[in-house]
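The chain contents come next:
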Amino acid sequence: MYDFSQARNQVLQQIQNACDTAHRSDQVDLLAVSKTHSHDAIRAMYALGQRAFGENYLQEACAKIDALQDLEIQWHFIGHVQRNKTKLIATHFAWVHGVDRLIIAQRLSDQRPEEMPALNICIQVNIDGQDSKDGCDPQDVMAMVEKIQHLPHLHLRGLMVIPAPNNSEAFFQTQKLFREVATRYPMLKSWDTLSMGMSSDLLPAVEAGATLVRVGTALFGSRDYSQDR
Ligand SMILES: *Cc1c(COP(=O)(O)O)cnc(C)c1O
């Protein structure tokens, strides 16, 4: 039987150790990335106090959100946002981490139902210029912030990044950009989130100022993509 409690405590301890190393006393949030994992696994994590869960396959996520409505989960969409999927995302999630074009932000704002709270979003930035990666060019971030901050049904929270493996310098570059935005837009009170770090690189990410780490494997074990979900 998989020991969810032990896995979660280890991850929380790793985060704490990284905070100690970096002399940080502020909060680092743990997003449990539950993609490919079962409803039961999510319920088990929830029973341990976990409330924020991240998914990146939209169909799978929507099925889980419907099936787990009895729980008070804060759902984060962390996958790439396709233009024709914005409606489902805007109606099902509390957070979206992968916004990398203005048109996507505009659609999410337009399609967010009036009766729901503003949708929290992070701008995904391709900080290390990977060819294959989603995310906007670092040079385009200011212009996106300029526009997105005025969209009525969004709360612009910060930046999200997935650098190439073993590139901890990229985390520091992202932090620098994050601070540049904060300095340039002091009125943007919601700008408080640096979403970076996964199972294998959460220590360098937290040391570079991550305020939210997105952890799957270290919490739930390895993923089996062959299973029919
Ligand atoms: C899958 C995924 C994660 C979690 O990755 P692990 O290595 O399993 O911790 C984090 N962020 C994004 C965007 C992901 O797609």
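Our structure is the block above this text.
Below is a short write-up of the structure. Every chain's residues receive numbers from 1 upward, in the order its sequence appears when written. Owing to the predicted nature of the model, reporting of local features is limited to residues with pLDDT of at least 70; listing and counting of side-chain atom pairs is limited to 80 or more, with chain, interface and lining totals taken over all residues. The side-chain values count all of the structure's non-hydrogen atoms but skip hydrogen atoms and water molecules.

1. Some thoughts on the overall build of the protein
Part 1 of the reasoning: Secondary structure elements follow DSSP: runs of H or I of four or more residues count as helices, runs of E of two or more count as strands, with numbering from the N terminus. Along the protein, the regular secondary structure elements total nine helices and eight strands.
Part 2 of the reasoning: Two things to know: the radius of gyration comes from C-alpha atoms, and the globule rule equals 2.2 Å times the number of residues to the power 0.38. The globule rule puts the C-alpha radius of gyration for 229 residues at 17 Å, and the 17 Å found for the protein is close to it.
Part 3 of the reasoning: Seen along its three principal axes, the alpha-carbon backbone of the protein occupies a region of about 50 × 40 × 35 Å.
Part 4 of the reasoning: Each residue's exposure class comes from its accessible area (1.4 Å probe, protein chains only) as a fraction of the maximum for that residue type: buried when under 20%, exposed when over 50%, partly exposed otherwise. The buried share of the protein, taken over its 229 residues, is 50%.
Part 5 of the reasoning: Residue contacts follow a heavy-atom distance rule, with two residues in contact if any of their heavy atoms lie within 4.5 Å. Within the protein, counting contacts between residues at least 6 apart in sequence, those at least 24 apart form 59% of the total.
Part 6 of the reasoning: Charge centroids of the protein, computed over 22 positive and 27 negative side chains, lie 3 Å from each other. When charges are counted, Lys and Arg contribute as positive and Asp and Glu as negative, whereas His and the chain ends are disregarded. Every charge is mapped to an atom, namely NZ of Lys, CZ of Arg, CG of Asp or CD of Glu.

2. Here we look at the packing of helix α6 (residues 141–148) against helix α7 (residues 168–184)
Part 1 of the reasoning: In this description, a line fitted to the C-alpha atoms serves as the axis of each element, helices being fitted only across the stretch in contact, and the angle between N-to-C directions of two axes falls anywhere from 0 to 180 degrees. Look at α6 against α7: their axes get within 11 Å of each other, and the N-to-C directions meet at 45°. Here α6 lies oblique to α7, going by the angle between them. Considering the relative orientation of α6 and α7, their crossing is right-handed. Counted together, V141, M142 and V145 of α6 and L177, E180, V181 and R184 of α7 form the full contact between these two elements. Working definition: roughly parallel below 35 degrees, roughly antiparallel above 145 degrees, roughly perpendicular at 65 to 115 degrees, and oblique for all remaining angles. For any helix crossing, the convention is left-handed if the near helix is rotated counterclockwise from the far helix by under a right angle, and right-handed if that rotation is clockwise.

3. Remarks on α7
Part 1 of the reasoning: Multiplying 1.5 Å by the residue count of a helix minus one yields the expected span of that helix. When the terminal C-alpha atoms of α7 are compared, their 25 Å separation across 17 residues agrees well with the 24 Å that a helix rising 1.5 Å per residue should span.
Part 2 of the reasoning: Buried within α7 are the following residues: A170, F171, T174, Q175, L177, F178 and V181. Down the axis of α7, the smallest arc covering the buried residues is 165°, so these residues share one side. Exposed and facing more than 90 degrees away from the buried side of α7 are K176, R179, T183 and R184.
Part 3 of the reasoning: Those residues of α7 that are buried are in contact with α6, β6 (154–160), β7 (193–195) and α8 (202–207). Here the arc refers to the directions that run from the helix axis out to each C-beta atom.

4. Topic: the side chain of K35
Part 1 of the reasoning: On the secondary structure map, K35 appears in the loop between β1 (29–33) and α2 (39–47).
Part 2 of the reasoning: Those residues within four positions of K35 in sequence are excluded, and the remaining contacts are G54, E55, N56, Y57, E60, K64, R223 and Y225.

5. A closer look at the environment of Q173
Part 1 of the reasoning: Its place among the elements puts Q173 in helix α7.
Part 2 of the reasoning: Sequence separation between Q173 and Q139 is 34 residues, and the spatial gap between their C-alpha atoms is 12 Å.

6. Some points on the nonpolar core
As a rule of thumb, nonpolar side chains are buried together in soluble globular proteins.
Part 1 of the reasoning: Among buried residues, the Ala, Val, Leu, Ile, Met, Phe, Trp, Tyr and Cys ones that are joined through side-chain atoms within 4.5 Å form a nonpolar core. Grouped together as the largest cluster of nonpolar side chains are 66 residues, with contacts concentrated most on F53, V96, L108, I121, V145, I148 and V213.
Part 2 of the reasoning: Not counting residues up to four positions away in its chain, the partners in contact with V145 are I123, L156, V181, Y185, L188 and W191.
Part 3 of the reasoning: Counting residues in each nonpolar core, the second largest holds five residues, with L31, V33, A52 and I78 among its members.

7. Observations regarding the packing of aromatic side chains
Part 1 of the reasoning: Aromatic rings from Phe, Tyr and Trp, with only the six-membered ring used for Trp, were paired whenever their centres fell within 6.5 Å, and each pair was classed as stacked if the ring planes differed by under 30 degrees, edge-to-face if by over 60, and tilted otherwise. This structure, assessed with the given rule, holds five aromatic pairs.
Part 2 of the reasoning: Aromatic side chains F4 and F220 sit 6.4 Å apart centroid to centroid with 70° between the ring planes, which places their arrangement in the edge-to-face category. Taken together, the positions of F4 in helix α1 (residues 4–21) and F220 in helix α9 (residues 217–220) put the pair 216 residues apart, joining distant regions of the chain. The pair formed by F4 and F220 is uniform in burial state, with each residue classed as buried.

8. Re helix α3 (residues 58–67)
Part 1 of the reasoning: Taken together, the buried positions of α3 are occupied by L58, E60, A61, C62, K64 and I65.
Part 2 of the reasoning: Buried residues along α3 sit in contact with α2, β2 (52–55), β3 (74–77) and α4 (86–92).

9. Some thoughts on the pattern of salt bridges
Part 1 of the reasoning: Only one rule defines a salt bridge in this text: a Lys or Arg side-chain nitrogen within 4 Å of an Asp or Glu carboxyl oxygen. Going through the model one piece at a time under the given rule, you end up with six salt bridges.
Part 2 of the reasoning: Note that R43 is salt-bridged to D70, the shortest N-O span being 3.0 Å. Placement of R43 in helix α2 and of D70 in the loop between α3 and β3 is noted, with a sequence separation of 27 residues between them.
Part 3 of the reasoning: Judged by its relative accessible area of 53%, D70 falls in the exposed class.
Part 4 of the reasoning: A salt bridge links K176 to E180; the shortest N-O distance between them is 3.3 Å. With K176 and E180 both in helix α7, this residue pair falls four residues apart, about one helical turn.
Part 5 of the reasoning: For E180, a relative accessible area of 34% translates into the label partly exposed.
Part 6 of the reasoning: It is possible to trace a salt-bridge network through shared partners that takes in E55, E60 and K64.

10. Focus: the site of the ligand
Part 1 of the reasoning: When at least one non-hydrogen atom of a residue lies within 4 Å of a molecule or strand, that residue is treated as near it. As a structural note, the neighbourhood of the ligand is formed by 13 residues, with K35, N56, S199, T217 and R223 the closest of them.
Part 2 of the reasoning: Within the side chain of K35, one N or O atom sits 2.7 Å away from an oxygen atom of the ligand.
Part 3 of the reasoning: N56 places a polar side-chain atom, nitrogen or oxygen, 2.7 Å from an oxygen atom of the ligand.
Part 4 of the reasoning: When the free accessible area of the ligand is taken as 390 Å², the share hidden by the protein chains comes to 89%. N or O atoms within 3.5 Å of each other form a polar contact, as long as, within protein, one can give a hydrogen and the other can take it, and as long as residues adjacent in sequence are counted only when both atoms are side-chain atoms. To be clear on the numbers: accessible area is Shrake-Rupley with a 1.4 Å probe, and residue cover counts the displayed protein chains and nothing else.

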